[in-house]
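So the chains spell out like this:
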Amino acid sequence: LANQIREAHDNAVQETMNKVEKDYLYTRVSIDGKIESVKADGMIYASFQHDTSRALDPQLHTHNFIFTPVLKNGKFNAQTNEAFFNNKLYFGQFYRNELAYNLNKLGFSIEITSIDKGLFELKEIPKDIIDEFSKRSQQIKSLEEEYKRRYPKESLSEIKARITQESKKAKTKVDRDEVRATNKKRADELGYNRKWLSRLNYKISTSP
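Residues numbered from 1 in each chain as written. Predicted model: local features only at pLDDT ≥ 70, side-chain atom pairs only at ≥ 80, totals over all residues. Heavy atoms only, no water.

Trainee: Please explain the pattern of salt bridges as it appears in this structure.
Mentor: Oppositely charged side chains are able to pair whenever their charged atoms sit close together. Applying the stated criterion across every chain yields a total of 16 salt bridges. Across the pair Asp131 and Lys127 runs a salt bridge, and its minimum N-O distance is 2.8 Å. Pair noted here: Asp131 and Lys127 are both in helix H4 (residues 127-132), with a separation of four residues, about one helical turn. Residue Arg162 is joined to Glu166 by a salt bridge in which the shortest nitrogen-to-oxygen separation is 3.3 Å. Of the two residues, Arg162 and Glu166 both sit in helix H7 (residues 156-166), four residues apart, roughly one turn of that helix. We classify Glu166 as partly exposed; its relative accessible area is 41%. Overlapping salt bridges, with partners in common, bring together Asp57, Glu132, Lys135 and Arg186 in one network. (Salt bridge = Lys/Arg side-chain N within 4 Å of Asp/Glu carboxyl O. Helix = DSSP H or I, 4+ residues; strand = E, 2+ residues; numbered from the N terminus. Buried < 20%, exposed > 50% of the residue type's maximum accessible area, 1.4 Å probe, protein only.)

Structure representation (structure tokens):
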């Protein structure tokens, strides 16, 4: 099941990057002496997959780095990134929609928590274990009121972005085996052990 979930994530990332390449990749070329922005034909990007948050909670996610050179008519040109910045929130929502679809196909039930942002949770995963492994989200939320007072003219989304950026801890080298053992212990203490995982796996595998 873990491998299937990872594959669901990987496929959602791939579909998102395909969408970016197909509809939002631009470069500038000279047409009749005028510089114009036109669709590019292809891009090069590198993906780096991580499986923990900065707070070392389990959090599967992928960083995608798009390189500046893009293909146009068989040659490399410099890309323009206005379309990326103007649609960055849409890309996140597109990914979440694809992920929800893929997880639903596996047998998970999708519970929408924000229609506007495309946020969801899985009904099969109890709230207490979600809360236990959401230290980074809780940290950001705990700073909201303080930042609202400091930046009264900013919207909530701008405040959250500021908190996320300013509260980042420097990444340090960690012992992955130790992190996994600690997270397993945290789950065990809440009753989410091998037996619970077996029941979940059976439920998902036999769902219609």
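Trainee: Sorry if this is basic, but what is going on with the side chain of His9 here?
Mentor: Inspection of the secondary structure puts His9 in helix H1 (residues 2-23). A residue is classified by how much of its surface remains accessible, and His9, at 3% relative accessible area, is buried. One polar contact links His9 to Thr62, side chain to side chain, over a distance of 2.7 Å. Excluding anything up to four places from it in sequence, His9 contacts Gln49, Leu60, His61, Thr62, Tyr95 and Leu99. (Polar contact = N/O pair within 3.5 Å; in protein donor to acceptor, adjacent residues only side chain to side chain. Contact = heavy atoms within 4.5 Å.)

Trainee: Hey, could you run me through the pairing of strand S3 (residues 42-52) in this one?
Mentor: If a strand is regular, its side chains alternate between the two faces of the sheet. For S3 and strand S4 (residues 58-72), the ladder comprises nine bridges, and the chain directions are antiparallel. The residue bridging Thr52 from the neighbouring strand is Pro58, located in S4. Remark: five residues form the turn of the hairpin made by S3 and S4, two consecutive strands paired antiparallel; Leu56 in that turn has positive phi of roughly 70°. (Pairing = 2+ DSSP bridges.)

Trainee: It is not clear to me how the environment of Phe48 should be interpreted in this structure. Could you clarify?
Mentor: If you trace the backbone, Phe48 turns up in strand S3. When sequence neighbours within four positions are dropped, the list of residues in contact with Phe48 reads His61, Thr62, His63 and Phe65.

Trainee: Looking at this structure, how should I read the packing of aromatic side chains?
Mentor: The way to describe two aromatic rings as a pair is by their centre distance and the angle between their planes. Taken as a whole, this structure holds seven aromatic pairs when the rule is applied. Ring centres 5.2 Å apart and planes at 80° place the aromatic pair Tyr24 and Phe91 in the edge-to-face group. Placement of Tyr24 in the loop between H1 and strand S1 (26-31) and of Phe91 in helix H3 (residues 88-106) is noted, with a sequence separation of 67 residues between them. Assessed through its relative accessible area of 17%, Tyr24 is described here as buried. (Phe/Tyr/Trp six-rings, centres within 6.5 Å; stacked < 30°, edge-to-face > 60°.)

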